[in-house]
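Fold and geometry: a report
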Amino acid sequence: MALDVGPPHYHSRMAAAAPVEATFFGTSSLHVSDGISGILIDGFFSRPSLLRVALGRVAPDRGRITSALSRAGVTRLDALFVAHSHYDHAMDAPEVVKHLGGRLFGSESTLNVGRGSGLAEQAMTRIADGDAHTVGAFTVRPLGGVHSPGNRFPGVIEEPFVPPARASSYRDGGCFSFLVTHPSGAMLIHPSANVVPNQFDGIDVDVLYLGVGALGAQSHRFQDDYWRHVVEATRPRIVVPIHWDNFFVALDRTLRPLPALLDKFATTTEFLRRKSAESGIPVRFQDAFEVIRPFVR
Ligand SMILES: [Zn+2]
């Protein structure tokens with residue numbers, strides 16, 4: 001496989017762009033940098049326990065947020081894009097922006113999460129399907145989509161949202177994928193395992209970060225359509241599955257799949273293995289804190 005896997009990249013005030021590097025943090029949290037500009041997708045580091053999520057209230061855990069960021073060597077940020085405002089995508093985003101700087105991009109619901117945490121309006125931008133946002137040499141295009149089946153907390157967050165709160169109060173507020181392009185390549189981050197047919201036709205990428213949460217529980221027809229409309233449409237050199245890990249476990253432990261009660265991970269991996277073999281497109285899991293150079297052949 002032609003992926004260049006190296007040690008963590010430590011940000012510095014470099015004058016010239018470095019190869020684009022992508023660091024994974026479980027769920028759909030991904031840091032992308034060219035050494036000059038830094039972009040974070042979601043940035044969910046708190047990962048409260050299942051018991052707390054099911055029965056209690058959740059809130060950003062500053063200790064977990066700062067320790068994950070410092071372990072990854074991320075010391076500043078230009079832009080944080082949130083896929084939707086469920087807690088496992090949006091909850092930590094305002095704290096990350098307060099800690100690292102940068103601008104929060106998201107739906108109106110996500111901006112209400114920002115407002116509730118005291119972010120100023122001038123530090124936030126509402127996104128819409130088809131926008132193009134310039135971040136240094138990167139362009140980030142939010143593409144509106146649909147949540148994976150079984151969306152337990154649909155709806156919108158209508159007012160500034162102050163944690164701690166029940167996980168169920170984090171309504172999705174609309175779902176986005178992100179097409180991230182750079183002079184050296186293109187990647188699509190598609191967090192939620194569902195599809196708008198033909199949405200990605202004509203969009204070719206080098207790397208596809210493919211959401212697979214709950215995919216194993218769907219019908220074969222659904223799974224095949226998903227592969228066709230997302231993977232075949234974007235023709236990536238490589239697929240990196242995301243949102244497969246047990247996000248009730250802290251990031252200082254190795255990523256592991258959700259328990260079988262919550263997701264059919266074995267079915268998902270078998271599906272990915274078969275589709276990869278049929279299509280010749282490699283599927284490769286990325287570990288937490290592992291850095292890849294997605295545009296280096
Ligand atoms: Zn969600």
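Description of the structure in this document. (Residues numbered from 1 in each chain as written. Predicted model: local features only at pLDDT ≥ 70, side-chain atom pairs only at ≥ 80, totals over all residues. Heavy atoms only, no water.)

Some thoughts on the pattern of salt bridges
The full count for this structure, using the stated rule, is 19 salt bridges. Here Glu 21 makes a salt bridge to Arg 293, at a shortest N to O gap of 2.9 Å. Within this pair, whereas Glu 21 is found in strand E2 (residues 21-24), its partner Arg 293 is found in strand E14 (residues 291-293), the two being separated by 272 residues in sequence. Here Arg 293 falls in the partly exposed class, since its relative accessible area comes to 28%. (Salt bridge = Lys/Arg side-chain N within 4 Å of Asp/Glu carboxyl O. Helix = DSSP H or I, 4+ residues; strand = E, 2+ residues; numbered from the N terminus. Buried < 20%, exposed > 50% of the residue type's maximum accessible area, 1.4 Å probe, protein only.)

Points about the nonpolar core
If you look at the biggest cluster of nonpolar residues, it comprises 76 residues, and the most contacted ones within it are Phe 81, Met 187 and Tyr 209. Broken down by element, the residue count for this core peaks at six residues, all from helix H6 (residues 220-234). Aside from chain neighbours lying at most four places away, what touches Phe 81 is Ile 39, Leu 40, Ile 41, Asp 42, Phe 105, Ile 127, His 133, Val 135, Val 140 and Phe 178. Phe 44, Val 58, Phe 247 and Phe 248 belong to the second-largest nonpolar core, a separate cluster that totals 14 residues. (Core = buried A, V, L, I, M, F, W, Y, C linked by side-chain atoms within 4.5 Å. Contact = heavy atoms within 4.5 Å.)

Let's talk about the coordination of the zinc ion
Donor atoms from the polypeptide that coordinate the zinc ion comprise His 84 (NE2), His 86 (ND1) and His 147 (NE2), at 2.1 to 2.2 Å from the metal. Sequence spacing among the residues donating to the zinc ion works out to H-x1-H-x60-H. Here His 84 is found in the loop between strand E5 (79-81) and helix H3 (87-90), whereas its partner His 147 is found in the loop between strand E9 (138-145) and strand E10 (175-182), with 63 residues between them in sequence. Owing to a relative accessible area of 17%, His 147 belongs among the buried residues under this scheme. (Donors = N, O, S within 2.8 Å, 3.2 Å for Na, K, Ca; no water.)

Read these as layout, nothing more, since geometry by itself doesn't imply function.
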